[in-house]
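Observations on chain architecture
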Amino acid sequence: MRSLDDLRGWLDAHRLLGYDLIRMYLGVALFVRGWLFVADSSRIMAFVEGQNLDWFLPMAAVHYVALAHLAGGLMLAVGLLTRLAALAQVPILFVATFFLHLQEGLLSTSQSLELSALVLFLLVVYSVFGAGPYSLDARMLARTPAQLLEPQGA
């Protein structure tokens, strides 16, 4: 019974670790998605080209998505410039959620709408609140988890 209380005490003392673990998972997932996108960008090219746009916009979109997912995913995973890395992903996930997956509707077998909306929501959260205490951002600012909990200017 004592070890369970110790575990609970440790978890309470490291509550913000969960916030950082979600950020790390999100970053790795976006990096993997970027890697898969680079390996086969024909789906997004087909969608963008179907919009009767000139050649530049589809090529720019493909390069932006690849760079944002690969570099931004790694930056999110380690917590480096977290707000910027998350913000760079928001337009991509906004388009994916509201233009690519919305017509599928909720509760489809692919669950693409639900997952893209969840990722979009998480990216907005990290864009606003930044990384947690277990990140390069916090290390570069030399802030401890206790300092992160204090109100600014205190």
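Structure's up top.
Along each chain, the written sequence defines residue order, and numbers are assigned to residues from 1. Thresholds applied to this predicted model are a pLDDT of at least 70 for local features of residues and 80 or more for the giving and counting of side-chain atom pairs; totals over whole chains, interfaces and linings are not thresholded and use all residues. Side-chain measures were taken over the full set of non-hydrogen atoms in the model, leaving aside hydrogen atoms and water.

Focus: the overall build of the chain
- Think of it this way: any DSSP run of H or I at least four residues long counts as a helix, any run of E at least two long counts as a strand, and we number them from the N terminus. For the chain, the count of helices and strands is 8 helices and 0 strands.
- Tracing the chain from N to C terminus, the helices and strands come up as α-α-α-α-α-α-α-α.
- Going through the 154 residues of the chain one by one, you find that 32% of them count as buried.
- The criterion used for residue contact is that any of the two residues' heavy atoms lie within 4.5 Å. Sequence separation of 24 or more characterises 69% of the internal contacts of the chain that already satisfy a separation of 6 or more.
- Note on areas: Shrake-Rupley with a 1.4 Å probe; residue coverage comes only from the protein chains shown. With an accessible surface of roughly 10300 Å², the chain has 70% of that area assigned to carbon and sulfur atoms. Each residue is placed in one exposure class: buried if its accessible area under a 1.4 Å probe, protein chains only, is under 20% of its type's maximum, exposed if it is over 50%, and partly exposed if it falls in between.

Re the packing of helix 2 (residues 16–39) against helix 4 (residues 56–78)
- Look at helix 2 against helix 4: their axes get within 7 Å of each other, and the N-to-C directions meet at 150°. When the axis of helix 2 is compared with that of helix 4, the two are roughly antiparallel. Our pair here, helix 2 against helix 4, has a crossing hand that is left-handed. Contacts from Arg23, Met24, Gly27, Val28, Leu30, Phe31, Arg33, Gly34, Trp35, Phe37 and Val38 of helix 2 reach helix 4 at Val62, Val65, Ala66, His69, Leu70, Gly73, Leu74, Leu76, Ala77 and Val78. For helices, the fitted axis covers only the stretch in contact; all axes are lines through C-alpha atoms, and the angles between them, taken along N-to-C directions, range from 0 to 180 degrees. An angle below 35 degrees is read as roughly parallel, one above 145 as roughly antiparallel, one from 65 to 115 as roughly perpendicular, and any other as oblique. Should the near helix be turned counterclockwise from the far one by less than a right angle, the crossing is left-handed, whereas a clockwise turn marks it as right-handed.

Some details on helix 5 (residues 82–100)
- Taking 1.5 Å of rise per residue, 19 residues should cover 27 Å, and helix 5 covers 26 Å from first to last C-alpha, within 8% of that figure.
- At valine 90, helix 5 shows its largest bend, some 30°, and a proline, proline 91, comes one to four positions later.
- Turning to helix 5, its buried residues number three or more, namely Thr82, Ala85, Ala86, Gln89, Val90, Ile92, Leu93, Ala96 and Thr97.
- For helix 5, the secondary structure elements touched by its buried residues are helix 2, helix 4, helix 6 (112–129) and helix 7 (136–140). In this analysis, the expected span of each helix is defined as 1.5 Å times one less than the number of residues it contains. For a residue, the bend is simply the angle between two axes, fitted respectively to the seven-residue segment ending there and the seven-residue segment starting there.

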